[in-house]
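Coordinate analysis (summary)
Residue strings, one per chain:
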Amino acid sequence: MMLNSVLDPTASKTQTGQTQTQAEQARSTLSNNFDTFLTLLTTQLQNQDPLDPMDSSKFTEQLVQYSQVEQQISTNDKLTNLTDTLTKQIQATSAGAALAYIGKTAMFNSDGVTLKDGAADWDYALESASASTTLTITDANGKTVFTTTGDQGAGAHHFTWNGKNSNGDSVPDGVYHLAVTAADASNKKINTGVTVTETITGVDMSGSDAAVMTASGSRDFTSILKIGG
């Protein structure tokens, strides 16, 4: 009899709609299989040939396997509980670290920043000098609102946008994104990077991991590149 099925990690739902844990499902499957095994074994013992009795070592081996599987299920259950506990501790630690950053200025690995009072700032970098650099600003819906040329030298550069579109009209305040496209003289693409700097105003703990709040919204804690004063 195959025992691997009782270790299937896929959770199933009971008829009441409640989701069983992996351990509960495994124990249920193991119990059903064990009952079937005992029924078959009893039938075989009742109908065996007295002159050629069954080899007891075979069903003893099966009983040992059931015992080992039950122990493994119990071990997996304990490891799951331990993992959940450690995850909660890590989340609490991350939240505590994030709280310490409230009020500080941070550099984020992000291309989105808030336009406010006719100004939005980005920093971008070119891996090497370019023959052409294009800066494209899009709104929250991905629509291009402004395009201009950027610096061509290798290294870090700063760009401030005055909040006007390509027609010279002022656009509403909100979050806008900067895309930097650069190429060398042979039109080979040059690697670029974009960062933004904002003040951390709060901590968002609504998700599985702590995040920080800025004027542009919730930012993943791992997107922080540098913390200032």
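On a predicted model such as this, the values are computed, not experimentally measured, just so you know. Throughout, a residue's number is its position along its own chain's written sequence, starting from 1. Restriction of local features to residues with pLDDT of at least 70 applies here, the model being predicted, together with a cutoff of 80 or more for giving and counting side-chain atom pairs; totals for whole chains, interfaces and linings are based on all residues. Each side-chain value is worked out from all heavy atoms of the structure, with water and hydrogens disregarded.

Turning next to the overall build of the protein chain. In terms of regular secondary structure, the protein chain is built from two helices and twelve strands. In this analysis, two residues are considered to be in contact whenever any of their non-hydrogen atoms come within 4.5 Å of each other. Within the protein chain, contacts between residues at least 6 apart in sequence are counted, and of these 66% link residues at least 24 apart. The accessible surface values rely on the Shrake-Rupley method and a 1.4 Å probe; as for residues, cover is taken only from the protein chains in view. Total accessible area computed for the protein chain in this model is approximately 14,300 Å², and 51% of it derives from carbon and sulfur atoms. Only DSSP runs of H or I reaching four residues or more are called helices, and only runs of E reaching two or more are called strands; each is numbered from the N terminus.

Backbone-to-backbone hydrogen bonds pair the strands of a sheet. The strands run either parallel or antiparallel. One bridge is not enough; two strands pair if DSSP finds at least two bridges between them. The antiparallel open sheet is built from three strands, whose spatial order is β9-β10-β11. Looking at strand neighbours, the two that pair on one side only are β9 (202-204) and β11 (217-220), the edges of this open sheet. Put simply, the sheet's adjacent strands are angled 40 degrees from each other on average, direction ignored. Across three bridges, the pairing between β9 and strand β10 (residues 211-214) is antiparallel. Opposite Val203, over in β10, you have Val212 as the bridge partner. The axes used here are C-alpha line fits, helices contributing only the stretch in contact, and every angle between their N-to-C directions lies in the interval 0 to 180 degrees.

Its place among the elements puts Thr195 in strand β8 (residues 192-199). Burial status follows relative accessibility: with a 1.4 Å probe on protein chains alone, a residue under 20% of its type maximum counts as buried, one over 50% as exposed, and anything between as partly exposed. Overall, Thr195 belongs to the buried group, its relative accessible area being 14%. Beyond its immediate chain neighbours, meaning those up to four positions away, Thr195 contacts Met107, Phe108, Asn109, Ser110, Trp122, Asp123 and Leu225.

Turning to the nonpolar core, a few remarks are in order. Residues belong to a common nonpolar core when they are buried Ala, Val, Leu, Ile, Met, Phe, Trp, Tyr or Cys residues joined through side-chain atoms within 4.5 Å. Core analysis: the largest hydrophobic core is formed by 25 residues, its most contacted members being Trp122, Ile137, Phe159, Trp161, Tyr176 and Leu178. Leaving out residues up to four positions away in the same chain, Ile137 has contacts with Trp122, Lys143, Thr144, Val145, Phe146, Phe159, Trp161, Tyr176, His177 and Leu178.

What follows covers the confidence of the model for the protein chain. The pLDDT averaged across the protein chain works out to 78; a share of 58% of its residues lies at or above 70. The quantity called pLDDT is the predictor's confidence in a given residue, expressed from 0 to 100. Averaged pLDDT values over the elements of the protein chain bottom out at 62 in helix α1 (residues 22-46) and peak at 98 in strand β4 (residues 132-138). Taken as a whole, residues 1-20 scores under 50 in pLDDT and shows 35 contacts with residues more than four places along the chain or in a different chain.

With that settled, the discussion passes to the pattern of salt bridges. Take a side-chain nitrogen of Lys or Arg and a carboxyl oxygen of Asp or Glu: if they are within 4 Å of each other, that pair is a salt bridge. According to the stated counting rule, one finds one salt bridge in the structure shown. Among the ionic pairs, Glu198 bridges to Arg219, the shortest N-O distance being 3.0 Å. One end of the pair, Glu198, is in strand β8; the other, Arg219, is in strand β11, and 21 residues separate them in sequence. No difference in accessibility class separates Glu198 from Arg219, as the two residues are buried.

Attention now goes to the pairing of β8. In this sheet, β8 lies alongside strand β1 (residues 105-108) in antiparallel orientation, the contact comprising four bridges. Bridged to Met107 within β8 is Thr197. Taken together, the four bridges between strand β3 (residues 120-126) and β8 define a ladder with antiparallel strand orientation. Bridge pairing links Leu126 to Thr192 in β8.

So, on to the environment of Thr105. Take Thr105: it is sitting in strand β1. Taking the C-alpha atoms as reference points, Thr105 and Ile227, separated by 122 residues in sequence, lie 6.0 Å from one another.

Take the pairing of strand β5 (residues 144-149) next. Within a regular strand, side chains alternate between the sheet's two faces. Strand direction decides the pairing type here: β4 and β5, joined by five bridges, are antiparallel. If you follow Ile137 over to β5, its bridge partner there is Phe146. In textbook terms, the turn of a hairpin is the stretch between consecutive antiparallel strands, and for β4 and β5 this stretch comprises five residues, one of which, Gly142, has a positive phi near 85 degrees.

On to the sheet that holds strand β7 (residues 174-183). As summarised here, the arrangement of the four strands in space is β2-β7-β4-β5, forming an open sheet in which the pairing is antiparallel. The open sheet terminates on both sides in strands that have one partner only, identified here as β2 (112-115) and β5. Looking at each pair of strands side by side, their axes are set apart by 30 degrees on average, direction ignored. Sheet topology places β2 next to β7; four bridges connect them, and they run antiparallel.

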